[in-house]
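Observations on the model geometry
Chain by chain, the residues:
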Amino acid sequence: MAGIDAASGYDRMKELKEFDESKIGVKGLSDSGITSIPRFFVHPPEALSDLKSSSTCASIPVIDLSGVNSAAHRRKIVEQVKEAATTWGFFQVINHGAPVPAMEETINAIKAFHEQPHEVKSKYYKRNERQGVMYASNNDLYRANAAAWHDYLQVCMAPTPPKVGDIPEVCRKEAVAWTKRATEVAETLMELLSQGLGLEAGKLKELKFADERLFVGICYPYCPQPDLTVGITPHTDPGVVTVLMQNHVPGLQVKHGEEWVNVDPVHGGLIINVGDFLQIISNGEYRSVQHRVLANSYKEARISVVIFFNVNKENDDCCYGPLPELLSPEKPAIYRNFTVKEYDENFYSKGLDSKSMIEKVKMQN
């Protein structure tokens with residue numbers, strides 16, 4: 001991680017701090033016209049060896065939700081969602097009820113935030129990951145082995161909403177409105193996922209599994225050396241369900257088997273993925289999968305807007321594990337129970353990674 005390279009005299013922590021304290025983010029570096037990236041963004045060769053090895057034939061499932069409220073169609077949609085969450089852990093939904101113009105307005109508002117002058121954006125720049133509003137580059141800047149080429153605006157929308165005036169004005173209305181629309185989509189999907197497990201449609205919502213909502217607007221600006229770094233390192237999402245939308249600039253990839261699969265933007269589509277928490281409480285029925293974003297080689301910035309849905313973590317001592325309704329002598333628990341405190345500490349103790357919480361709570365045979 002951080003430290004001084006005795007041979008070259010390179011002080012990584014000093015450079016990290018200088019970058020962080022400048023509050024310019026990677027967008028500021030990109031806009032300055034640099035032709036080589038700072039050393040702390042460079043990933044080791046072994047981490048970059050498969051950057052170009054993406055599959056050309058496979059693509060994540062696309063599910064049409066237009067008949068979701070019709071008894072005739074719902075069973076088929078439940079089966080499609082179950083199949084996608086079991087085999088891919090990622091899928092796109094269309095005809096989900098959120099208007100395309102509202103999606104485009106939100107993407108444009110986040111783009112406008114990141115394009116603001118440094119002196120306007122910098123007042124939001126801080127490292128306070130657990131509450132309120134913050135703008136920064138890399139949430140795990142000081143915890144990761146190498147930084148990634150992105151900046152982000154994060155707003156904790158629930159369970160304790162921010163003061164509306166704290167959200168940057170350029171995207172305030174859109175962030176609040178989009179969170180509401182994405183929550184409606186997430187709640188529909190949680191019903192379908194519940195039914196896919198053989199549970200009542202309202203079970204996951206009843207357990208408050210969508211009560212924590214984190215709005216994140218990410219900017220991946222042009223990178224002059226995209227073969228030396230990544231936009232976001234390979235990781236799994238720690239929560240229950242994630243709802244993501246993106247502009248037309250590509251870069252998102254999902255691990256399927258041994259291949260990385262490009263997730264191409266579908267007009268009006270929303271990308272849904274299973275988080276580690278859902279894998280655990282479904283007793284491994286649904287799968288969280290690795291995904292990453294390549295460093296952006298296009299002159300136009302890649303913009304994505306992500307809402308992370310998670311269990312309400314206000315009670316540290318609350319215990320979770322595989323849902324009892326899913327267990328039987330034939331299907332015993334494959335994960336142990338854990339507390340919210342343990343879950344939180346696992347996430348904030350290191351850089352973005354894959355399934356570390358799942359590995360930690362896996363029962364040993």
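Looking at the overall build of the protein
Scanning the protein from terminus to terminus reveals eleven helices and 17 strands. In terms of overall dimensions, the protein is globule-like: its C-alpha atoms have a radius of gyration of 20 Å, near the 21 Å expected for 365 residues. Residues classed as buried in the protein amount to 51% of the 365 residues present. When contacts within the protein are restricted to residue pairs at least 6 apart in sequence, long-range pairs at least 24 apart make up 77% of them. Entry remark: accessible area of the protein is about 16,500 Å², with carbon and sulfur atoms responsible for 51%. Each charge class in the protein was averaged separately, 40 positive and 47 negative side chains, and the resulting centres sit 1 Å apart.

Describing the pairing of strand β13 (residues 270-274)
The element β13 is extensively covered by neighbouring structure, given that five of its five residues are classed as buried. Burial along β13 is two-sided: the face carrying L270, I272 and V274 and the face carrying I271 and N273 are both buried. Note: strand β5 (residues 90-94) against β13, four bridges, orientation antiparallel. Residue F90 lies in a different strand from β13, and its bridge partner there is N273. Bridging between strand β10 (residues 241-246) and β13 involves four bridges; their strand directions are antiparallel. Paired with T242 across the bridge in β13 is N273.

A look at empty space enclosed by the protein
For the coordinates displayed, the defined rule picks out two cavities of 30 Å³ or more. The computed volume of the second largest cavity comes to approximately 40 Å³. Partitioning the lining of the second largest cavity into residue classes produces five nonpolar, three polar and one charged.

Examining the sheet that holds β10
Spatially, the eight strands line up as an open sheet ordered β4-β5-β13-β10-β15-β8-β7-β6, and their pairing is mixed. Edge positions in the sheet fall to β4 (62-64) and β6 (133-136), since each of these pairs with one other strand and no more. Shown here is a sheet whose adjacent strand axes are inclined to one another by a mean of 20 degrees, direction ignored. The sheet contact formed by strand β8 (residues 212-220) and strand β15 (residues 302-310) spans nine bridges and is antiparallel. Bridging across to β15, V216 finds its partner in V306. This element, helix α5 (residues 100-114), spans β6, β7 (151-158), β8, β10, β13 and β15 of the sheet and lies at about 65 degrees to β8. Contacts from helix α7 (residues 172-196) reach β5, β7, β8, β10, β13 and β15 within the one sheet, and its direction differs from that of β15 by about 55 degrees.

Quick notes on α5
End to end, α5 covers 22 Å across 15 residues, agreeing with the expected 21 Å (1.5 Å per residue, within 8%). Looking only at α5, the buried set comprises A102, M103, T106, I107, A109, I110, F113 and H114. End-on view of α5: buried residues confined to an arc of 160 degrees, all on one side of the axis.

Conventions adopted
Residues numbered from 1 in each chain as written. Predicted model: local features only at pLDDT ≥ 70, side-chain atom pairs only at ≥ 80, totals over all residues. Heavy atoms only, no water. Helix = DSSP H or I, 4+ residues; strand = E, 2+ residues; numbered from the N terminus. Rg over C-alpha atoms; globule rule 2.2 N^0.38 Å. Buried < 20%, exposed > 50% of the residue type's maximum accessible area, 1.4 Å probe, protein only. Contact = heavy atoms within 4.5 Å. Areas by Shrake-Rupley, 256 points an atom, 1.4 Å probe, with all protein chains shown as cover. Lys, Arg positive; Asp, Glu negative; His and termini not counted. Charge placed at Lys NZ, Arg CZ, Asp CG, Glu CD. Pairing = 2+ DSSP bridges. 1 Å grid on protein atoms, 1.4 Å probe; cavity = no way out; pocket = protein on both sides within 12 Å on 5 of 7 lines; lining within 4 Å. Points joined across faces, edges and corners; volume = space filled by probe spheres on them. Nonpolar A, V, L, I, M, F, W, Y, C, P; charged D, E, K, R; others polar. Axes fitted to C-alpha atoms, helices over the stretch in contact; angles between N-to-C directions. Expected span 1.5 Å × (residues − 1). Arc of directions from axis to C-beta.

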